[in-house]
Amino acid sequence: MSGRPLLRFAGGRYDERPQPPFLAPDASGLSRPLADLPGVRPALARRLAGFGLATVGDLLEHYPRRYEDFTDRKAIAALKVGEEATVRATVERVTLEHGHRRRVTILKAVLRDQSGVMIGVWFNQPWLAKVLEQGMVLSLRGSVRRSGGGASFTVKAHEILAGEGETVHTEGIVPVYPASESISARVLRDLVHESRRVARSVPDPLPGTLRAAERLPTRADAVLAIHAPRSHAEAAAARERLVLEELLLMQLGLLLHKRAAQQAASAVSLGRPGATAARFVAGLPFTLTDHQVRALAEIDADLERDTPMRRLLQGDVGSGKTVVALHTLLRAVEKGHQGAFMAPTETLAEQHLETMTALLGPLVACELLTSRLTAAERRAALGRIASGEAHIVVGTHALIQGDVAFRDLAVVVVDEQHRFGVVQRDEMARRATADGGRPPHTLFMTATPIPRTLALTFYGDLDVTVIAGAPAGRTPVATRLVSEGRRAAGYAFVRKQLDRGRQAYVVCPLIEESEALQSAAAVAEAERLAASEFSAYRVDVLHGQMKAVERDAAMAAFKAGEIDVLVATSVIEVGIDVANATVMVIEGAERFGLAQLHQLRGRVGRGTEKSFCLLFTSRGEERNAGERSSARLQALRSTSDGFVLADRDLEIRGEGQLFGARQSGLPDLKLAKLTRDREAVVRARRLAKEILAADPGLESPAHVPLADAVRSAFGDELAWLLKA
Ligand code: ADP
Ligand code: MG
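These lines cover the structure that appears in this document, whether it is placed above or below. By convention here, each chain's residues receive numbers from 1 onward along its written sequence. Think of it this way: whatever chain is written first is A, whatever ligand is written first is 1, and the rest follow in order. Residues qualify for local features only when their pLDDT is at least 70, as the model is predicted, and side-chain atom pairs are given and counted only at 80 or more; totals for whole chains, interfaces and linings, by contrast, use all residues. Based on all heavy atoms of the structure, the side-chain values leave hydrogens and waters out of the count.

**A look at the overall build of the protein chain**
In plain terms, the rule: Starting at the N terminus, helices and strands are each numbered in turn, a helix being any DSSP run of H or I of at least four residues and a strand any DSSP run of E of at least two. Working definition: with a 1.4 Å probe on protein chains only, accessible area under 20% of the residue-type maximum means buried, over 50% means exposed, and in between means partly exposed. Residue contacts are defined here by distance: any two heavy atoms, one from each residue, within 4.5 Å place the two residues in contact. Only the protein chains shown count as cover for residues, and the accessible areas themselves come from Shrake-Rupley with a 1.4 Å probe.
Across its full length, the protein chain carries 26 helices and 21 strands. Classification of the 724 residues of the protein chain by burial places 50% in the buried group. In the protein chain, the proportion of contacts linking residues at least 24 apart, taken out of those at least 6 apart, comes to 74%. When the accessible surface of the protein chain is summed, it comes to about 33,600 Å², and 52% of that surface belongs to carbon and sulfur atoms.

Structure representation (structure tokens):
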């Protein structure tokens with residue numbers, strides 16, 4: 001072959017296009033203010049800054065959302081019915097019409113090119129009547145539809161072409177940037193073009209050996225190609241490379257975090273389970289499920305080692321995680337150490353205390369630490385915790401606030417851990433080791449099941465155990481959507497259950513802005529129902545603004561069967577366990593997330609009786625509730641498997657929504673989508689492991705840029721983790 005590829009330094013290839021000379025890596029240009037670029041006037045600089053783009057570096061990391069393909073541009077005469085294409089045409093006349101139904105507007109424009117004339121049609125964009133003018137040249141994307149006798153061109157997207165340089169912007173593959181109303185794609189393309197020299201020399205955090213082995217382009221090539229690809233393949237390769245880099249940095253950070261947490265100091269080995277633990281299992285009022293037994297075995301193996309356990313226990317609502325937690329805590333106590341059990345809410349902490357007292361008996365001294373304690377109570381509790389008199393301490397955030405000091409903390413369990421941030425969930429371990437103490441073994445529990453590829457990211461620093469299924473004897477909850485018109489029938493159905501001696505929950509709509517508003521609404525709804533639909537039954541209310549004693553009293557009465565209908569806010573999402581409650585009405589179901597609906601529904605179907613969940617949509621909201629929420633409700637109807645639901649929720653809402661990635665302390669992903677890039681997540685995980693196997697602390701000189709990039713991706717929040 002004559003055309004032997006000439007390899008560039010960084011592994012890239014020269015091709016037929018003349019290439020600029022290779023530039024040494026130089027990051028300095030990235031911090032250059034965009035305001036310094038030629039042609040950027042102060043007004044534009046302000047708009048760019050308002051858009052979050054202050055420097056050349058910001059600009060180059062403002063990646064296109066998609067591309068407009070002008071390579072298939074056609075003449076009007078060559079268009080075929082039904083086929084999507086791009087056309088360039090001149091506007092001759094614009095008219096605005098209203099459809100049969102008043103709400104629909106139809107904008108029509110007569111469009112001409114050298115080959116012919118057509119009618120372009122825009123639906124529901126009346127403002128365009130003021131924008132489109134005779135003589136304007138448009139680039140239009142759309143397709144020809146037959147309508148009535150003739151045909152028209154339904155416009156999907158258009159761009160107004162004006163002034164010089166237009167061909168640069170409308171030929172080939174053109175990037176489209178995220179929501180840039182005030183900053184046109186044209187401006188961004190010009191600025192990127194202006195910044196090419198900087199882009200060509202951006203340093204690459206990935207070591208050359210890795211790039212060669214994985215056949216990855218350099219960062220500079222990828223950045224240039226993602227903004228100005230010559231083909232779709234080139235754009236895809238550039239994206240793939242940048243996505244992989246993002247995910248790799250994240251995986252490296254997570255694995256370094258895990259290593260730092262596990263190697264800071266050795267934990268106490270708790271050996272094999274002793275007689276107390278065995279007696280606990282034997283004394284339970286039920287037999288453990290196979291999954292529970294397996295979970296205990298995995299945890300026991302961890303506790304035997306002197307590496308601190310960092311394990312996530314994933315199990316659907318009602319799968320029986322609490323006994324696993326108690327067994328784990330007991331393992332510390334029977335060897336003379338202490339355990340701590342952290343829960344996100346006071347109600348849940350109190351319920352755990354109750355369960356512990358019931359199942360562990362008087363042998364174990366349990367202590368409650370919440371913000372509800374008076375100053376004197378808290379002082380006394382802290383004294384017992386510090387002296388070791390308290391064996392297991394159950395509490396809320398109060399456990400990681402102020403001056404809580406344990407005498408000898410060996411095991412920590414964090415319940416509903418997704419409600420805590422990454423830093424919070426490790427805070428107890430950090431405190432234990434702060435002054436040279438031993439790190440505790442930690443079990444993180446979650447009832448929000450997530451797909452494996454996501455677990456690699458969100459819980460990438462943990463080992464994972466799954467409790468699948470529920471204890472025997474449970475039947476799935478029958479779930480029904482109840483439309484506005486069927487409301488009365490829905491209530492009648494609930495009354496039929498009540499007449500059989502069963503109990504019901506009515507969950508009030510979510511009002512995110514204010515817990516007080518939400519509580520007030522629950523009180524009003526309870527009064528309404530007590531006076532109307534359920535006037536023949538005993539109705540009570542449970543909400544977040546009630547005092548602990550009032551809430552406990554209401555719960556106790558419901559448990560004892562003294563209340564038929566409990567009207568509640570979403571406070572019942574966690575921790576309520578009444579087997580005789582067989583029906584739940586969820587008002588305003590479209591306002592809840594899928595995971596939350598699943599959790600709420602988990603409150604029924606706890607006994608052997610057939611249970612039901614009725615999803616009411618808010619009055620008048622069905623129509624505009626939108627496709628997404630109805631897709632969610634359909635998903636909830638169709639399965640009771642939390643994993644399947646989590647997957648669906650993810651597809652519908654996207655990962656950011658579901659997990660509040662920001663709050664969880666993970667770096668923002670600019671380009672990668674965990675749902676879309678699942679394979680890349682797995683690949684990044686593998687590469688991160690390989691890199692760290694050879695260089696566990698990422699300390700070799702070749703890895704300096706990589707280590708820096710990991711640190712800057714994770715930011716200050718996790719800096720202490722990576723320093724260790
Ligand atoms: P979650 O995993 O949602 O925290 P819990 O631990 O609260 O679930 O358990 C739900 C209910 O199931 C509790 O009443 C608990 O006592 C009961 N339970 C747990 N394990 C079993 C089992 N193996 N067989 C029967 N019931 C069980
Ligand atoms: Mg639980």
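**Considering the site of ligand 1**
Our working rule: Residues are classed as near a molecule or strand on a simple rule: at least one heavy atom within 4 Å of it. A 3.5 Å cut-off defines polar contacts: any pair of N or O atoms within that distance qualifies, except that in protein one atom must be a possible hydrogen donor and the other a possible acceptor, and neighbouring residues in sequence count only when both atoms are side-chain atoms. Under the grouping applied here, Gly and all other residues not named as nonpolar or charged are polar, the nonpolar ones being Ala, Val, Leu, Ile, Met, Phe, Trp, Tyr, Cys and Pro and the charged ones Asp, Glu, Lys and Arg.
Neighbouring residues of ligand 1: 16 residues in total, closest T287, G318, K321, T322 and D577. Q292 is positioned such that a nitrogen or oxygen atom in its side chain is 2.9 Å from a nitrogen atom of ligand 1. Here G320 contributes a backbone N or O atom positioned 3.1 Å from an oxygen atom of ligand 1. Taken by itself ligand 1 offers 560 Å² of open surface, and the protein chains cover 77% of this. Tallied by class, residues from the shell around ligand 1 come to 4 nonpolar, 7 polar and 5 charged.

**Quick notes on the sheet that holds strand 14 (residues 441-446)**
Rules: The criterion for strand pairing is that DSSP finds at least two bridges linking the strands in question. Each axis is a line fitted through C-alpha atoms, taken for helices only over the stretch in contact, and angles between the N-to-C directions span 0 to 180 degrees.
As summarised here, the arrangement of the 7 strands in space is 11-12-10-13-14-9-15, forming an open sheet in which the pairing is parallel. With partners counted over all chains shown, the strands left at the sheet margins are strand 11 (366-369) and strand 15 (463-467), one partner each. Strand-to-strand, the axes of this sheet are offset by a mean angle of 20°, without reference to chain direction. The strands that helix 13 (residues 346-360) touches are strand 10 (338-342), strand 11 and strand 12 (392-395); relative to strand 12, the one it contacts most, it runs at about 150°.

**Observations concerning helix 18 (residues 515-531)**
In plain terms, the rule: Take the number of residues in a helix, subtract one, and multiply by 1.5 Å to get its expected span. It is the directions from the helix axis to the C-beta atoms whose arc is reported.
Given a rise of 1.5 Å per residue, 17 residues ought to cover 24 Å, and the 24 Å separating the end C-alpha atoms of helix 18 matches this to within 8%. When we look at burial in helix 18, the residues that qualify are Q518, S519, A522, E525, A526 and L529. Seen from one end, helix 18 has its buried residues packed into an arc of 120°, which puts them on one side. Residues of helix 18 that are exposed and point more than 90 degrees away from the buried face comprise E527 and A531. At its buried positions, helix 18 is contacted by helix 17 (487-499), strand 17 (503-507), strand 18 (539-542) and strand 19 (565-568).

**With respect to the nonpolar core**
Buried together is how nonpolar side chains tend to be arranged in soluble globular proteins. Heads up, the rule is: In plain words, nonpolar cores are sets of buried Ala, Val, Leu, Ile, Met, Phe, Trp, Tyr and Cys residues tied together by side-chain atoms within 4.5 Å. Note that the domain bounds reflect an automated or database-derived domain assignment.
Formed by 85 residues in total, the largest nonpolar core has its most connected members in L48, L248 and L369. The biggest single contributor to this core is helix 9 (residues 232-263), with 12 residues. Two domains share this core, each providing at least three of its residues, namely domain 1 (29-71 + 175-201) and domain 3 (275-305 + 320-446). Counting 35 residues, the second-largest nonpolar core is a separate cluster that includes A295, L313, A332 and V394.

**Brief notes about the side chain of T105**
For T105, the position within the fold is in strand 4 (residues 105-113). For T105, a relative accessible area of 8% puts it in the buried group.

**Describing the packing of aromatic side chains**
Our working definition: Two aromatic rings from Phe, Tyr or Trp, using only the six-membered ring of Trp, form a pair when their centres are within 6.5 Å; if the ring planes differ by under 30 degrees the pair is stacked, by over 60 it is edge-to-face, and anything between is tilted.
Going through the model one piece at a time under the given rule, you end up with 5 aromatic pairs. Measuring from ring centre to ring centre gives 5.4 Å for Y491 and F616, while their planes differ by 70°; the resulting arrangement is edge-to-face. On the criterion of sequence distance, the pair formed by Y491 in helix 17 and F616 in strand 21 (residues 612-616) is long-range, its members being 125 residues apart. Classification of Y491 as buried rests on a relative accessible area of 2%.

**With respect to the pairing of strand 13 (residues 409-414)**
Strand 13 sits mainly inside the fold: 6 of its 6 residues count as buried. In the sheet, strand 10 pairs with strand 13 via 5 bridges, with the strands oriented parallel. Bridging across to strand 13, A340 finds its partner in V412. Across 4 bridges, the pairing between strand 13 and strand 14 is parallel. Pairing of V412 across the sheet is with T442, part of strand 14.

**Focus on the packing of helix 8 (residues 219-227) against helix 9**
To keep it simple, the criterion reads: For classification, angles of less than 35 degrees are called roughly parallel, those exceeding 145 degrees roughly antiparallel, those between 65 and 115 degrees roughly perpendicular, and all remaining angles oblique. Should the near helix be turned anticlockwise from the far one by less than a right angle, the crossing is left-handed, and should it be turned clockwise, the crossing is right-handed.
As a packed pair, helix 8 and helix 9 sit with axes 8 Å apart at the nearest point and diverge in direction by 130°. With respect to helix 9, the element helix 8 is oriented oblique. At the point where helix 8 passes helix 9, the crossing takes the left-handed sense. The segment helix 8 lies against helix 9, with R219, A222, V223, A225 and I226 engaging E234, A235, A238, R239, R241, L242 and E245.

**Structural notes on the sheet that holds strand 19**
Across the sheet, 6 strands lie side by side as 16-21-20-17-19-18; this open sheet has parallel pairing. Taken across any chain shown, the strands that pair with only one partner, and hence form the sheet edges, are strand 16 (478-482) and strand 18. Neighbour to neighbour, the strand axes of the sheet diverge by 20° on average, direction disregarded. By the bridge criterion, 4 bridges tie strand 17 to strand 19 in an arrangement that is parallel. Bridge pairing in strand 19 links V507 to A568. Packed onto the sheet, helix 19 (residues 548-559) meets strand 17, strand 18, strand 19 and strand 20 (581-586) and runs at close to 135° relative to strand 18. Its contacts with the sheet place helix 20 (residues 594-601) against strand 16, strand 17, strand 20 and strand 21, and it is angled at close to 150° to strand 20.

**Regarding the pattern of salt bridges**
This is how it is decided: By definition, a salt bridge exists where a carboxyl oxygen of Asp or Glu is found within 4 Å of a side-chain nitrogen of Lys or Arg.
Under the definition given, this model contains 37 salt bridges. A salt bridge links R378 to D403, with the shortest nitrogen-to-oxygen separation between them at 3.7 Å. On the criterion of sequence distance, the pair formed by R378 in helix 14 (residues 375-387) and D403 in the loop between strand 12 and strand 13 is long-range, its members being 25 residues apart. For R538, the salt bridge goes to D564, with nearest N and O atoms at 3.1 Å. You can see R538 sitting in the loop between helix 18 and strand 18 and its partner D564 sitting in the loop between helix 19 and strand 19, a full 26 residues away along the chain. Residue classification places R538 among the partly exposed residues on the basis of a relative accessible area of 44%.

**Looking at the environment of D58**
Mapped onto the elements of the fold, D58 is located in helix 2 (residues 56-60). By relative accessible area, which is 29% here, D58 ends up partly exposed. Remark: the alpha-carbon pair of D58 and P33, spanning 25 residues in sequence, is separated by 9.4 Å.

**Considerations on the environment of D190**
Within the secondary structure, D190 sits in helix 5 (residues 185-194). Assessed through its relative accessible area of 41%, D190 is described here as partly exposed. Separated by 151 residues in sequence, D190 and G39 place their C-alpha atoms 9.7 Å apart.

**Things to note about unusual backbone geometry**
Here the phi dihedral of R215 falls at roughly 55°; this positive angle occurs in a residue that is not glycine. By the element assignment, R215 lies in the loop between helix 7 (208-214) and helix 8. The exposed category is assigned to R215, whose relative accessible area is 77%. For E416, which is not glycine, the phi dihedral falls at a positive 45°. Residue classification places E416 among the buried residues on the basis of a relative accessible area of 9%.

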